[in-house]
Amino acid sequence: MTEDLDHRFSSLTWDQIKILDQVLAEVIPIHGRGNFPTLDVKPKDIIHVVKEQLIEKQINVRDIRLNGSTASHILVKQNGTSYKDLDIIFGVELPSELEFQVVKEAVLNCLLDFLPKCVNKEKITAQTMKDAYVQKMVKVSTDHDRWSLISLSNNSGKNVELKFVNSLRRQFEFSVDSFQIILDSILNVYRATDCKLTEDSHPTVIAESMYGDFNEAMDHLKYKLISTRNPEEIRGGGLLKYSNLLVRDFKPADEAEIKSLERYMCSRFFIDFPDVAEQQRKIESYLRNHFIGEEKSKYDYLMTLRGVVNESTVCLMGHERRQTLNMITILALKVLGEQNIIPNAANVTCYYQPAPYISDRNFSNYYIAHGQPPIIYQPYPFHIQMQSSMV
């Protein structure tokens, strides 16, 4: 292993391994739609069953990793990091469309094992299990990226996300979410019935930072700093994640670089979601998936996002930019309405449309309440589409 590769890896401490064991042994309910029962699933159990099914179907499994916010929570629990989705990566070979289909069927068939014993499983098909327990499925097959995702439903937002990756150019957005914990060594302990995890007898568990420098990424996580590399590779959703970090009191590691990063992220967001209706659907989907149980944070998040878009958008025509700002403002006001909160008038700038007979050129058509930074609403056309299903 070269010195550069060494910088990417670190071994977990015993305390971190104990937290990892707790995460993998926690019972997570997978909620069924309609009359389908809730499945009580331990991550270590579903990982084992899925791996066995893949091997039986001749799918090569390179390794299995815990990814993203869950890995960050395990590495630095004391600074208040939390996680919702349990993001598990299976490194697999997907040379053709056939392997994608085999992986999907293997996962859906595995879910049958977690149904209560009283359920007659003979007539339950893979399609039935998909309709009952899968929140979303994604397949990406391009020259550079070949992977699929199966997300299992949890009503409290703690979805079990099984990702099957042949290749993926960009596996992180920011250094603080770049960690992956390689699970194979601890999974082998679970399979050996006579082995127990103790401080004196536990496997070496390795974590990797896809950011490239493990210690630097750990410092960013400990001190809640925002940094990344090759920002031009971050897809449009990076802007939403960045705003989420800001609202959770993360600060830029480099104030000068962050302005360039913001412009990159805004530009990519509008490239990926060019229409204001698409932008609204994406933002609403992000709120649903990342703020379950945190309803009071939605308004702060939206106004933080609005501030970034307002300050750093350079790729839009003026009216397009105003449409997006208006859309975010209306979403923020809608959030307040849902919580029966009336915004402080000292923070609002109201624009008035004068009557047609007002011809005095000195007439001022707006009033600014002084004292605090304003929330601005401008009377430009916009459309609100209420979405009842997830994008």
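Preceding this paragraph is the structure being described.
Residues numbered from 1 in each chain as written. Predicted model: local features only at pLDDT ≥ 70, side-chain atom pairs only at ≥ 80, totals over all residues. Heavy atoms only, no water.

Quick question: what am I supposed to make of the overall build of the chain here?
From N to C terminus, the chain includes 13 helices and 15 strands. Evaluated residue by residue, the chain yields a buried proportion of 45% over its 391 residues. Within the chain, contacts between residues separated by at least 24 positions form 70% of all contacts whose residues are at least 6 apart in sequence. (Helix = DSSP H or I, 4+ residues; strand = E, 2+ residues; numbered from the N terminus. Buried < 20%, exposed > 50% of the residue type's maximum accessible area, 1.4 Å probe, protein only. Contact = heavy atoms within 4.5 Å.)

I tried to follow the sheet that holds strand β5 (residues 86-92) on my own but got confused; where do I start?
Two strands in a sheet stick together by hydrogen bonds in their backbones, pointing the same way (parallel) or opposite ways (antiparallel). One open sheet accounts for eight strands, arranged β1-β10-β9-β4-β5-β8-β7-β6; its pairing is mixed. Every other strand in the sheet has two partners, leaving β1 (9-11) and β6 (134-141) as the edge strands with one partner each. Direction aside, the axes of adjacent strands within the sheet are offset by 25 degrees on average. Relative to strand β9 (residues 179-182), strand β4 (residues 61-67) is paired through three bridges, and the arrangement is antiparallel. Along β9, the bridge assignment pairs Leu-66 with Ile-181. (Pairing = 2+ DSSP bridges. Axes fitted to C-alpha atoms, helices over the stretch in contact; angles between N-to-C directions.)

How should I be thinking about the packing of helix α5 (residues 97-111) against helix α6 (residues 126-133) in this particular structure?
A packed helix pair is summarised by two numbers, namely the angle formed by the two axes and the spacing between the axes. Running from amino to carboxyl end, α5 crosses α6 at an angle of 75 degrees, the nearest separation of the two axes being 9 Å. In terms of orientation, α5 and α6 fall into the roughly perpendicular class. On α6, the residues touching Leu-108, Asn-109 and Leu-111 of α5 are Ala-126, Met-129, Lys-130 and Tyr-133. (Parallel < 35°, antiparallel > 145°, perpendicular 65-115°, else oblique.)

It is not clear to me how the side chain of Glu-208 should be interpreted in this structure. Could you clarify?
Looking at where Glu-208 falls in the secondary structure, it is placed in strand β10 (residues 206-209). Within the structure, the side chain of Glu-208 is placed 2.9 Å from the side chain of Arg-8, a separation counted as a polar contact. Glu-208 has contacts with Arg-8, Phe-9, Arg-65, Ser-178, Phe-179, Gln-180 and Phe-214, leaving out every residue within four places of it along the chain. (Polar contact = N/O pair within 3.5 Å; in protein donor to acceptor, adjacent residues only side chain to side chain.)

Can you help me understand the packing of helix α12 (residues 297-312) against helix α13 (residues 318-338) in this one?
The interhelical angle for the contact between α12 and α13, taken along N-to-C directions, is 170 degrees, at an axis separation of 9 Å. One finds that α12 runs roughly antiparallel with respect to α13. Touching Lys-298, Tyr-299, Leu-302, Met-303, Leu-305, Arg-306, Val-309 and Asn-310 of α12 are Arg-321, Thr-324, Leu-325, Ile-328, Thr-329, Leu-331, Ala-332, Val-335 and Leu-336, all from α13. Broken down by class, the residue content of the contact of α12 with α13 amounts to 11 nonpolar, three polar and three charged. (Nonpolar A, V, L, I, M, F, W, Y, C, P; charged D, E, K, R; others polar.)

Can you help me understand the pairing of strand β8 (residues 160-167) in this one?
Looking along a regular strand, one sees side chains alternate from face to face of the sheet. The element β8 is largely enclosed, with a buried count of six among its eight residues. As paired elements, strand β7 (residues 146-152) and β8 share seven bridges and run antiparallel to each other. Residue pairing for β8: Ser-151 is matched across the bridge by Glu-161.

What is the right way to look at helix α2 (residues 14-25) in this model?
Since the α-helix packs 3.6 residues into each turn, any two residues three or four apart lie on the same face. Between the first and last C-alpha of α2 there are 16 Å, a value that for 12 residues agrees with the 16 Å anticipated at 1.5 Å per step. Among the residues making up α2, those that are buried are Trp-14, Gln-16, Ile-17, Ile-19, Leu-20, Val-23 and Leu-24. (Expected span 1.5 Å × (residues − 1).)

In this structure, what is going on with the pattern of salt bridges? I would like to understand it.
Between side chains of opposite charge, a pair can form when the charged atoms approach closely. Overall, the coordinates contain 16 salt bridges when judged by the stated rule. Between Lys-158 and Glu-26 there is a salt bridge, with its nearest N and O atoms 3.2 Å apart. Here Glu-26 lies in the loop between α2 and β2 (28-30) and Lys-158 lies in the loop between β7 and β8, a separation of 132 residues in the sequence. For Glu-26, a relative accessible area of 28% corresponds to the partly exposed category. Put simply, Arg-8, Asp-63, Arg-65 and Glu-208 are held in one network by salt bridges that share partners. (Salt bridge = Lys/Arg side-chain N within 4 Å of Asp/Glu carboxyl O.)

I'm lost on the nonpolar core in this one. Help?
Burial of nonpolar side chains together is a common tendency in soluble globular proteins. Formed by 99 residues in total, the largest nonpolar core has its most connected members in Leu-20, Leu-54, Phe-90, Phe-164, Ile-181, Leu-183 and Ile-283. Among the elements that line this core, the one with the most residues is α5, at eight residues. Here Leu-183 is in contact with Leu-20, Leu-24, Ile-47, Ile-64, Arg-65 and Leu-66, once residues within four sequence places are set aside. The next biggest cluster of nonpolar side chains, apart from the first, holds five residues, and it includes Ile-89, Trp-147, Val-165 and Leu-168. (Core = buried A, V, L, I, M, F, W, Y, C linked by side-chain atoms within 4.5 Å.)

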